[in-house]
Amino acid sequence: MTPIVKVVVRLVGGFIFLYGCYIVLYGHLSPGGGFAGGAIIAAGLILSRLAFGTTAKQEKSASISSSIFESTGGLLFLLVGLLGLFVGGYFFINLFPSFGTQGRLVSAGSIPFSNIAIGIKVAAAILSIFLVLASTKYIFKE
Amino acid sequence: MLDLIVLLIFMIAAGIVAVEIKDLLASVIALGAVGFAVAIGFIMLAAPDLAIVQIVIEVLSVVFFVAVILKTTHVDSAAGRPYKPADIFTFVVFGVFALAFVYFGIRLFAGLAPMSRELGQVASHYLTQGLAETGAVNRVTSVVLDYRALDTLGETTVLFTAVIGVLAVLRLEGRRK
Amino acid sequence: MIILVASLILFLVGLYAIITKRNMIKIAVGFSLMEYSVNFLFAIVGFRPGAVPPILQAVEVGKVYSDPLPQALVLTAIVIGLGVTAFMLSLILRIYNRIGSFDLEEIQRLKG
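Residues numbered from 1 in each chain as written. Chains lettered and ligands numbered in written order. Predicted model: local features only at pLDDT ≥ 70, side-chain atom pairs only at ≥ 80, totals over all residues. Heavy atoms only, no water.

## Regarding the confidence of the model for chain B
As a reminder, the rule being used: Residue-level confidence of the predictor is what pLDDT reports, using numbers from 0 through 100. By definition, any uninterrupted DSSP run of H or I lasting at least four residues is a helix, any uninterrupted run of E lasting at least two residues is a strand, and each is numbered from the N terminus.
Considering every residue of chain B, the mean pLDDT works out to 84; 91% of them sit at 70 or more. Taken element by element, chain B is modelled with least confidence in helix H5 (residues 121–134) of chain B, mean pLDDT 79, and with most confidence in helix H2 (residues 24–44) of chain B, mean pLDDT 92.

## A look at the interface of chain C and chain A
Basically, it comes down to this: Two residues form a contact once any of their heavy atoms are found within 4.5 Å. We define buried area as the total accessible area lost by two parts upon association, computed with a 1.4 Å probe and summed across both. A 3.5 Å cut-off defines polar contacts: any pair of N or O atoms within that distance qualifies, except that in protein one atom must be a possible hydrogen donor and the other a possible acceptor, and neighbouring residues in sequence count only when both atoms are side-chain atoms. Residues are grouped as follows: Ala, Val, Leu, Ile, Met, Phe, Trp, Tyr, Cys and Pro are nonpolar; Asp, Glu, Lys and Arg are charged; all remaining types, including Gly, are polar.
Counting from both sides, the interface comprises 12 residues of chain C and, opposite them, 11 residues of chain A. Of the roughly 1,100 Å² buried at the junction of chain C and chain A (both faces included), carbon and sulfur atoms supply 79%. There are 0 residue pairs in polar contact (both at pLDDT 80 or more) connecting chain C and chain A. A breakdown of the residues in the side of chain C that touches chain A according to their chemical character gives 6 nonpolar, 6 polar and no charged.

## Some thoughts on the packing of H5(B) against helix H6 (residues 139–147) of chain B
Residue and element names in this part refer to chain B. The condition that has to hold: Axis angles are defined between N-to-C directions and span 0 to 180 degrees, where every axis is a line fitted to C-alpha atoms and, for a helix, only to the segment in contact. Between 65 and 115 degrees an angle is taken as roughly perpendicular, under 35 as roughly parallel, over 145 as roughly antiparallel, and anywhere else as oblique. By convention the crossing between two helices is left-handed if the near helix lies anticlockwise of the far one by an angle smaller than a right angle, and right-handed if it lies clockwise.
One can describe the packing of H5 onto H6 by two numbers: an axis separation of 10 Å at closest approach and a directional angle of 65°. Between H5 and H6, the angle falls in the class roughly perpendicular. Where H5 crosses over H6, the handedness of that crossing is left-handed. Of H6, the residues touching H5 (which contributes His125, Tyr126, Leu127, Gln129, Gly130, Leu131, Glu133 and Thr134) are Arg139, Ser142, Val143, Asp146 and Tyr147. For the contact of H5 with H6, the class distribution of residues is 5 nonpolar, 5 polar and 3 charged.

## Topic: the interface of chain C and chain B
The test is simple: Each reported salt bridge corresponds to a side-chain nitrogen of Lys or Arg within 4 Å of a carboxyl oxygen of Asp or Glu.
Taken together, the contacts link 77 residues of chain C with 88 residues of chain B. Across the chain C to chain B interface the summed buried area is about 7,900 Å²; carbon plus sulfur atoms make up 78%. Looking at the side of chain C facing chain B, the largest losses of area belong to C:Tyr36, C:Phe40 and C:Arg94, adding up to 9% of the total buried there. Inspection of the chain C/chain B interface yields 2 salt bridges. B:Asp87 serves as the salt-bridge partner of C:Arg22, at 3.4 Å between the closest nitrogen and oxygen.

Pasting the structure below:
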């Protein structure tokens, strides 16, 4: 890519990542949540990959780590459900829904944790799909 | 109401362009236009959560399509081929099916409750009791992650399966070479 | 009413692409169009005239809110749609690698 794109991505990329984290963390208070925030984080990572390009070694390590993150997100979400089962008695019951002040960040019991788990999972899933679909290993030209 | 109708006419026009245009890259870009129109429509329909997700997912889906087309070819070799009698039979069957589909759709929507000002019982329970029961100000999040969290677990499983499918289908070739 | 029927017509445009087109990328495009129209139909069903988004501290009398349930169902369906599209694209890429074309008739001829 041209230097213009690289400079702009270097300036903007961090803010996109930060915005994705904000959307994930404030999912129970404002529009957004795990699905939207995870997709935004993945879009930021894909943007920096498209702008700077990668070597084959970097791509291999990135695909391994994204698989690990995806499994971690799925297991975390399941863990939230199982905690509800073992502590509260029902699968996915909301533990301590009235903890904290309503309308502030620390509230809504286990919903923010579910949001974080889903955000990690969606971001890693989209990134790993992109890595496979767009990696340099599979170029088919006639 | 009028703005939604104009938006839907734009979406149908962009959809027809996406289906009928010869160049595949232009077809994918027209699909992107439809997706962004859907995102605008979600904002008009008072669903900002959906609009945020739709606009990001649309960008990523166009990126995926373009990544595939750039690796292969953007010429539609099937376009411009003369129609065979079997194709004309397909068109006739599709036309009959489309007419029946729209007819029964109209009858179904006439039976559906009209856009009244009252919400259903379940929705009004979510609206009035949602904050006390789940502590989430955003009611959509409270439905996704509390009332119907098991459904969300199923959806994440589907996403996981889709990712595993993509990896399995494309990894096989790399291992053999 | 007219909006519901218009989104049915968008669905039919996607179905037309799937049934009559011979190019695999066009079929994937038609599939995405059908998915968008169904998502849009769900959002229309949850909408009331003059509604505001269901993000609130307490229900105010006299205000109309849109139904949160269809929105919650569509929210996950959009992300699933991206996964399904990516899976379809990976299958298309693999067939192209084997055959060298997106054309379904050519694939049928080569496979005998």
